[in-house]
Every structure is written in structure tokens, then in C-alpha cells.
Amino acid sequence: MERVIFHCDLNSFYASVELLSHPELRHLPVAVCGDPESRHGIILAKNEPAKAFGVKTAETIWQARKKCPDLVLLPAHHKTYREYSRKVNEIYREYTDLVEAFGIDESWLDVTGTLHLFGGDPKALADRLRDRLRDELGLTISVGVSFNKVFAKLGSDYKKPDATTVITRENFRQLVWPLPVTDLLYVGRAAAQTFEKFGIRTIGDLAAFDREQLFRLLGKNGAQLHDFASGLDTSPVAPAAQYTPPKSVGNGLTFSHNLKGREEIRAGIIQLADQVAARLRRHSMKCQGVSLAIRDPAFRDLSRQKRLDTPSCLAREIAGAAMELAESCWNMDHPVRALTVTAIYLLPAEEAVSQLELWDGGQEQRRERLEKLEGTMDAIRAKYGAGSIQPASAPRERRPRHAPPPGGAYPED
Ligand SMILES: [Mg+2]
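Worth saying up front: this structure is predicted, and the values here are computed from it rather than measured. For every chain, the first residue of the written sequence is number 1, and numbering continues from 1 along that sequence. Per-residue local features are limited, in this predicted model, to residues with pLDDT of at least 70; the limit for side-chain atom pairs, both in listing and counting, is 80 or more; totals at the level of whole chains, interfaces and linings are taken over all residues. The side-chain numbers reported here are obtained from all heavy atoms of the structure, hydrogens and water having been left aside.

Trainee: Whenever I open this one, the overall build of the protein chain confuses me. Can you help?
Mentor: The numbering of helices and of strands both runs from the N terminus, where a helix is a DSSP run of H or I of at least 4 residues and a strand a run of E of at least 2. If you tally the helices and strands in the protein chain, you get 15 helices and 12 strands. The cut-offs for exposure are 20% and 50% of the maximum accessible area for each residue type, with area from a 1.4 Å probe on protein chains only; residues under the lower value are buried, those over the upper are exposed, and the others partly exposed. Within the span of the protein chain, comprising 413 residues, buried residues form 50% of the whole. Contacts: residue pairs with any heavy atoms within 4.5 Å of one another. Expressed as a percentage of contacts within the protein chain between residues at least 6 apart in sequence, the contacts between residues at least 24 apart total 66%.

And the structure:
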């Protein structure tokens, strides 16, 4: 049976939520940022009028103000965004139990089995969803409707705000294939560079390229991207990934050669901690503990954990704790096949702040600066792809997507 999948994307989510309590600003250029007082603060979201001035997510307030001197800046309220995200996904779940959140403002819905209960017309149902969210929550979404998740996501990007785009087996060559290949889900920086080298500019170019050669160039990932471009994505909408705050955030990597010695192990840990910290910040969470799992070449696993003195979402603190664990439980001369760094005992970042108030000012200010710096790196990654910045001493290792953690399954966030 042909699947019917929606991808629903809340438009300018943070800015739209903030404007609910400032309706008088709706027609002015407005941006949400981490710290409106600092000119080095980062733009997290902007409304349509700000977009028209060229204001971009991830740039500094200072850069945005150069283009739009009257830009109104509002501070972020992550707890409120989570509440709205929950409400929105509750509405989605009235139409199907197969709802998979992708970040805080996007969800896939598989309505294959329930569409007949709501009239049987996919586009009409998508339009009804848009109307409900606008009427009941004051938020708009763009919806992509298609027969697979990858094309549904392209559909929600195709036209926004507040629009429905239907991508079918009949029209996907006209709609999808002319799009830049970098629009395709999971085209990271490494793949994009390879594509450029081989003159693959559009999704259509990718579909027309030899699949075997892509496999040789980029491994499984290359073959999978070829399938995505050809409309052959069969991945299911997995309700397990509903947006609930994660209980832990782990990242594991099997290295192409065994790591040996303190410096190589440290570099591996730093790379993993950097990604763990970025994911914590994406969820506005901090961790109160870190665990480290080490696998040796004989596939023997060892894992240790420790509490942190202060909740953290900083790569260098998470890496520091993981390195302490390594020092205490591992002979640094023994080869390491795989490492997993996991942030545990998570709590929402807002709750961590009240504990921070007990701190002396100097240390707290330093921490804020560090968090801002790492937040900037997240923003740049969000904009230019995960490989665009590397922590100073990370080994040049391409990170496999959805890398299974060595030594057991950690819940994916
Ligand atoms: Mg969005």
C-alpha cells in the first residue's frame, strides 16, 4: 500500500511563539536571540519581515543590525517552546499514532492507515491541520505530503509559510530533481564536497549518477543518498522518537584504526564530547554526569561514569570528565577500538541556572562566555553543516550517521 506521509514544519517557530505575547510587533522585523544585550549574541530565529531584510539565523546581533537597524530583539524562552511543541504534537496525534518529532519544530506523520477516517484526501487533511494550528495555537506550519519521509521533508521546505506541497510519484521529477542536492536530508559537508567534485549539483544529478560509484566514494551513506534522490526511501515514521526530552545523550564511534596513547584517545573523546554537547544544547538540556565506554580490539567493553560538580552542556567539561574516567580505568598504552561518550542525569537548562546562582560571579561569567561560544559553533553547524567546524584536536574521521554506540544501546534523542 502506498504510504501517505506528512512532514509538518512550524514556521519561524521561536519567533512565532514570542510574537504570540507581542502581537503589536508582528509586522515589524523581529528576531529571537540568546542574549539581546550582547552585540555578539546569536540570532536564533526571525520573523518574515526580518527575513526580508536579509537577517539570517546563526549570525550575530551586530551583523543583523547592520542590515536591519530597527530589528526588534526578544530573548528566548526555551521552556515555552517545549510546551508549544508538546501541544502541537498532541494535535498531530489526533490524526495518527505514528508521529515522529524531528527536533522541536518538525514532525513526520504517517497517516496511511487513518486517512480514510478524515475524508481520504491527503491535501485536504494537511490543509485542515494548518487551519487548526493557526486557529487554536496561533502558529503556522508548512506541510509536505509524499510517499516517503525524505520527499515529505522537501515538500515542507518547498513553500512556506503556511502552505501545503504534495510530492507524488508523478510529479517528483519536476518538483524535486531541480532542487540543489544540498537540500536533501543528510547531505553533510563531506558528501556535498564529493558531489561538487563530480558535478552533481541537483537532486536529479544525484539520481542520475552511478550508484555503485557513489558507494565506492561515500560508502553506504552514498548509496543511501542515491536512493533518497530516486524516491526509494522506505524508512518508517517511528513514534519512539516523539519529542520528549532525552534521558541521556550519547555518541559513539568505531575508529578506522585503533587509537593508541593519551593524545589519540583524548582527540577521540573531544570529538565525541563536542557532538554530545551540541545535542544537549539543541534540547536545551544540561547533564549532571558523564559516562565513558571503551571497547578494545577484542571487543571487550569497559564503562565508567562520574557525576559533575555543576550541570554542563560544554564540550570541554564533558570531554574533561570523560578523559578523567579514561585515565582512571584504562591503560593508555592499550589500543582502543571504539569509544562512547554519554551525557547522563540530564535536566532542563533553566533548572540548572538556579543552581548556578550559587556560584561566584567570575566563574559564572566565564561559563556564560563559553556556553555562548559553543552555541555559536552550533549555529554555524546548523547553517553550514556538521563538518564545517572541528574542535581543535579532533582526528579527521568521518562520523557515520546513527553510529551504533559500542557496548550497548543508548536511547537516541
Ligand atoms: Mg521550522
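Trainee: For this particular structure, what's the right way to read the sheet that holds strand β2 (residues 30-33)?
Mentor: Working definition: the strands of a sheet are paired by backbone hydrogen bonds and lie parallel or antiparallel to each other. For two strands to be treated as a pair, DSSP must find no fewer than two bridges joining them. The sheet built from three strands is open, its strands ordered β3-β2-β4 with mixed pairing. Of all the strands in the sheet, the pair left with one neighbour each is β3 (43-46) and β4 (72-75). Across the sheet, the axes of successive neighbouring strands diverge by a mean angle of 35°, strand direction being ignored. Across three bridges, β2 lies against β3 in antiparallel orientation. Within β3, the residue paired with C33 across the bridge is I43. Here an angle of 0 to 180 degrees is reported between the N-to-C directions of two axes, which are lines fitted to C-alpha atoms, with helices fitted over the stretch in contact.

Trainee: Got a minute to help me understand the sheet that holds strand β1 (residues 5-10) in this structure?
Mentor: What the five strands build is an open sheet, ordered β5-β6-β1-β7-β8; its pairing is mixed. Sheet topology places β5 (99-101) and β8 (164-166) at the edges, where each strand pairs with a single neighbour. Pairs of neighbouring strands in the sheet enclose a mean axial angle of 15°, with direction left out of account. Across three bridges, strand β7 (residues 141-146) lies against β8 in parallel orientation. The partner of V143 across the bridge, within β8, is T164.

Trainee: Explanation requested: the coordination of the magnesium ion in the structure shown.
Mentor: Angles between donor atoms at a metal ideally measure 109.5 degrees for a four-coordinate tetrahedral arrangement and either 90 or 180 degrees for a six-coordinate octahedral one. Here the magnesium ion is held by D9 (OD), L10 (O) and D105 (OD), and the distances to it run 2.1 to 2.4 Å. Sequence spacing of the donor residues for the magnesium ion, all on one chain, is D-L-x94-D. Remark: D105 occurs in the loop between β5 and β6 (106-110) and D9 occurs in strand β1; sequence separation between them is 96 residues. Note: metal donors comprise N, O and S atoms at 2.8 Å or less from the metal (3.2 Å for Na, K and Ca); water molecules are not included, so apparent gaps in a site are possible.

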